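Here is how the chains run, residue by residue.
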Amino acid sequence: MGKTDFLSPKAIANRIKSKGLQKLRWYCQMCQKQCRDENGFKCHCMSESHQRQLLLASEDPQQFMDYFSEEFRNDFLELLRRRFGTKRVHNNIVYNEYISHREHIHMNATQWETLTDFTKWLGREGFCKVDETPKGWYIQYIDRDPETIRRQQEQEKKKKQDLDDEEKTARFIEEQVRRGLEGKEQGEPVYTELNRENEEEKVVFNLCKGASTSTASHSKASALGSSALKEAGAAPTVKRKETPQNSEQSKEKKKKKKKTALDEIMEFEEEKKKSSRTDHWLQPEIVVKIITKKLGEKYHKKKAVVKEVIDKYTAVVKVIDSGDKLKLDQTHLETVIPAPGKRVLVLNGGYRGNEATLESIHEKKFSATILIETGPLKGRQVEGIPYEDISKLA
C-alpha cells in the first residue's frame, strides 16, 4: 500500500488532524485555507494562489472587509435569533457556538478587532439590547419582524380589551352596591321624642300604617267600619271586579317596579356577551375563499374547507377543486356566503358558534338575516349580521 493511499496511516492521521477547529493565526480568510502549523502557513503565503488573492484584495481592500463584516454580522445574528430568540444571554456563549462551525467567517477579517467592540456596535445600531455586568457583556436580540410585531400588537389589544371589560364590570358592581346602601339608609326608621302639648290630651298609638293620627279620625273610621259590616251582613256576598282603570294602574306599577341589582347585572352580562367580538374568526368545517396572490393564480379565488385551526389565527385548509392542503393565516382568507336556505356558522359576535339557516341577503348593507338552529337561542331570527361574521358550512 502506497504512502499517498486514502487508507494509509498517514492519510488517516491527516484527516484526524484536520477535524475540528485549528489555530486562528494559521488561517487565511482570503483563501479560506486552514493550516495546521507555522510551516504550512508559511508555505501557503508563498504560494501562487495566495499571491493572486492578495493582488485582488489590494485593488479595493475596503470592499473585501465590508463583505466579510456583513457576512459575520448576518451569521451571528441569525444564530442568536434562531438559538436564543429574545432571551438575554452572554455574548461569549453565542460567539463560542458560532465559531464551532468550521466554515465560519473569522473576526480578524472584519472591521471589529474584539468581541466587545462588536457587541457595542450591535447596541449602537439597534440590533440588540446590550448591558455590561461584572461577569461580562450580555446581549438580547430585538425581533423586528413585521409578523411578530403584528402578533404582539394584537395580543396587547386583546389584553387591554379584557382589562377594560373587567374594570367596567367592577365599576358596575360598585355602583349597584352604593345604590343599595343608599336605599338602606333612606329606609331606616327615624325615632323622635314623645311630647304632649296639653297634659289632658290622650296619647294614641297608631300601629297600622294607614291609620289616622287624631282621635276624631279614629272614631270616624270605627263608625264607617261598623256600618260597612252591617251592610255586608244584610247583602249577599258578591265578588268585586277590578275596574279597567285599576288594572291598568296595577300593570303600570308592576312595570315601574324597581329592578334588583342581580337582574341588572344579568342584563349587563347578556348585553356584553351579545356585543363581544374577537379578532379571530376561524372555525373548523367552514368554507372559505383564498384571497392571497402569493401562492400564484392556481389558488387565487379558490374555495377551500378549514380542516384544522392552529393558534386561533392560522388554519390548515383543503382546496375543494384540487384537494391540496395549505397552511394559511386568516388575513389570506375570507368567508363564503351561500344562497338563501343554506346552513351557515356564526363566527363572531354574541351568537358565535351557533349554526343557523340563511334566510335573506341585504347586498346594499353587506349583511344578512339568519335563523338560529342550535343552542339556547334556537328559533331566534337575527337581522343585520355582517358578511364577515358568517360562513357556509362544509
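Above: the structure in question.
Residues numbered from 1 in each chain as written. Predicted model: local features only at pLDDT ≥ 70, side-chain atom pairs only at ≥ 80, totals over all residues. Heavy atoms only, no water.

Some words on the side chain of His44
Looking at the secondary structure, you find His44 in helix α2 (residues 38–45). Using a relative accessible area of 11% as the deciding quantity, one classes His44 as buried. Aside from chain neighbours lying at most four places away, what touches His44 is Cys28, Cys31, Lys33, Cys35 and His50. (Helix = DSSP H or I, 4+ residues; strand = E, 2+ residues; numbered from the N terminus. Buried < 20%, exposed > 50% of the residue type's maximum accessible area, 1.4 Å probe, protein only. Contact = heavy atoms within 4.5 Å.)

Notes on the packing of aromatic side chains
Under the defined criterion, the tally for this structure stands at 12 aromatic pairs. Ring geometry for Phe76 and Phe118: centres 5.0 Å apart, planes at 90°, overall edge-to-face. Placement of the pair is Phe76 in helix α4 (residues 61–84) and Phe118 in helix α6 (residues 115–125), with a sequence separation of 42 residues. According to the relative accessible area criterion, Phe76 is buried, its value standing at 1%. On the accessibility criterion, Phe118 (0% relative accessible area) is buried. Grouping aromatic residues by their ring pairs yields a cluster made of Phe72, Phe76, Tyr98, Trp112, Phe118, Trp121 and Phe127. Residue placement shows Arg83 over the ring face of Phe84; its charged tip is 4.7 Å from the ring centre. Across from the ring centre of Tyr138, 4.2 Å away, lies the NZ or CZ of Arg88, which sits over that ring. (Phe/Tyr/Trp six-rings, centres within 6.5 Å; stacked < 30°, edge-to-face > 60°. Lys NZ or Arg CZ within 6 Å of the ring centre and 35° of its normal.)

Structural notes on the packing of α4 against helix α5 (residues 91–99)
Interhelical geometry of α4 versus α5 gives an angle of 110° and a closest axis separation of 10 Å. It follows from the interaxial angle that α4 and α5 lie roughly perpendicular. Contact with α4, carried on its side by Phe72, Asp75, Phe76, Leu79, Leu80, Arg83 and Phe84, involves Asn91, Ile93, Val94, Tyr95, Glu97 and Tyr98 of α5 and no other residues of that element. Classifying every residue of the contact of α4 with α5 by side-chain character gives 9 nonpolar, 1 polar and 3 charged. (Axes fitted to C-alpha atoms, helices over the stretch in contact; angles between N-to-C directions. Parallel < 35°, antiparallel > 145°, perpendicular 65-115°, else oblique. Nonpolar A, V, L, I, M, F, W, Y, C, P; charged D, E, K, R; others polar.)

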